[in-house]
Amino acid sequence: MEKGVYMKSICMIVQDPMVKGGIAAVVNGYRGSRLEKDYNIIYVESYKDGDKLTKTLKAISGYFHFAKVLLIDKPDLIHIHSSFGPSFYRKMPFIYMASWAKKPIINHIHGADFDEFYVNASDKKQQQIRKVYGKCSVLIALSDEWKERLSQIVPADKITVIENYSILHEDALMQRLNRPSNNTVLFLGELGKRKGCYDIPAVVEEVVKQVSDVKFVLAGAGSAEDEVAIKKLCEEKGVASHVEFPGWVRGEQKDKLLREADLFFLPSYNEGMPMSVLDAMGYGLPVVSTNVGGIPKIVHDEENGYCCGPSCVNQMAESIINIITNDEKRIEYSKASFSIVEDKYSFKSHVKKIENLYMTETYKS
């Protein structure tokens, strides 16, 4: 996009850059990118990790900052990154304020558990969700499946699909293709039930029966209750020595783990288009995951990994064994993972879709 005399201004409602999770990962990729060169991006932070008081104060400061931006900077468009649950209620004031200011609103939906959020909600809550989402000019869904689900709330023509992206690390792929297997399986993300982490100890138990030196690295963080419960399950299964818990990783530590692993594992029950899987594929990692959300679009059975049913412990274990015990298959799947994201899920392609949407919506206004 060429800069004209007037550069369009976009106010983006985001999380603190240090927040753990996929939304922050997506937005952090925008910082310093072409998007900031083509548009004047004003970031308003509405959430940060911490206790209840910390979160409340961050939200309040975000509302005041947003009011100032609306009154003084007068952005052409509002781009809100939101999820379900508490995130929906935190973003409501931003949507109402933007609506009162008659600004076009793009609501970028990163939520995962749609049934709990909408399908099984009370009539009153469903009505509230429809009203709030109805104030948005367009919703961004992370996959065609999520567009279909969100069309229960707003008309399908108000929803556009823009998948998450992958940053490509060709040097990591080359390293992987030229080294022997080390039987390391990597998980990145929230340690909890939605991500299928309570199933992992049973998967490890099955894999150990055939690969005695396998190592599972569960790099992430969850509630203290979840972390204790998962570690306890590992001990009860007698596989604690095969599982490492390095905590939430970023930067060089995350890069190191992605380069050293042989396979990426995500046994989720609900997902949109998980950044963790796309990240792993950008490093040329084969993937074993589940057939939920947008995952089957990027993890193709017997091409770059396997998509299993949620909670299908034996199927997951067998899939992991099939890859880490077969160097030819591991290398083939590594190349395929990299190729899939290179062809369809590059950051350049993602930004182009975002900018096309900005152009369309600001033109309408």
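Our structure is the block above this text.
Predicted model, so just to flag it, every value in this text is computed and none were measured. (Residues numbered from 1 in each chain as written. Predicted model: local features only at pLDDT ≥ 70, side-chain atom pairs only at ≥ 80, totals over all residues. Heavy atoms only, no water.)

## Description of the overall build of the protein
Heads up, the condition is: In DSSP terms, a helix is any run of H or I states spanning at least four residues, a strand is any run of E spanning at least two, and both are numbered starting from the N terminus. As a reference, a globule follows 2.2 Å times the number of residues to the power 0.38, and the radius of gyration itself is taken over C-alpha atoms. Burial classification: accessible surface area is computed with a 1.4 Å probe over protein chains only, and a residue below 20% of its type maximum counts as buried, one above 50% as exposed, and the rest as partly exposed. We call two residues contacting when some pair of their heavy atoms lies within 4.5 Å. Each accessible area value is a Shrake-Rupley result obtained with a 1.4 Å probe; residue values ignore everything except the protein chains displayed when judging cover. Asp and Glu are treated as the negative residues and Lys and Arg as the positive ones, with His and the ends of the chain left uncounted. By convention, the point assigned to a charge is CZ for Arg, NZ for Lys, CD for Glu and CG for Asp.
Of regular secondary structure, the protein possesses 16 helices and twelve strands. Over its C-alpha atoms the protein spans a radius of gyration of 21 Å, differing by no more than 12% from the 21 Å that the globule rule assigns to 365 residues. The proportion of buried residues among the 365 residues of the protein is 53%. Look at the contacts in the protein between residues 6 or more apart in sequence, and 74% of them connect residues 24 or more apart. A total of about 16,100 Å² of accessible surface is found on the protein, and carbon and sulfur atoms cover 50% of it. Distance from the positive charge centre (47 side chains) to the negative charge centre (48 side chains) of the protein: 8 Å.

## Concerning empty space enclosed by the protein
Filter applied, for reference: A pocket here means an open set of points on a 1 Å grid, computed over the protein atoms alone, that has protein on both sides within 12 Å along at least five of seven lines. A cavity is instead a set of points where a 1.4 Å probe fits but cannot get out; residues with an atom within 4 Å of a point line either one. Grid points are joined across faces, edges and corners, and a volume is the space filled by probe spheres set on the points. Residues are grouped as follows: nonpolar covers Ala, Val, Leu, Ile, Met, Phe, Trp, Tyr, Cys and Pro; charged covers Asp, Glu, Lys and Arg; every other residue, Gly included, is treated as polar.
What the rule picks out here adds up to two cavities of 30 Å³ or more. Space inside the largest cavity adds up to approximately 40 Å³. Lining the largest cavity we find Ile109, His110, Gly111, Ala141, Leu142, Trp146, Leu150 and Gly272. For the second largest cavity, the calculated volume is near 30 Å³. The element best represented in the lining of the second largest cavity is helix α16 (residues 347-364), accounting for three residues. When its residues are assigned to classes, the lining of the second largest cavity shows one nonpolar, four polar and three charged.

## Some points on the environment of Ser87
For clarity, the threshold we go by: Pairs of N or O atoms are called polar contacts if they sit within 3.5 Å, as long as, within protein, a hydrogen donor faces a hydrogen acceptor (for residues adjacent in sequence, only side-chain-to-side-chain pairs).
Mapped onto the elements of the fold, Ser87 is located in helix α4 (residues 86-100). With 24 residues separating them along the chain, Ser87 and Gly111 place their C-alpha atoms 9.0 Å apart. A distance of 2.9 Å separates a polar side-chain atom of Ser87 from the backbone nitrogen of Ser83.

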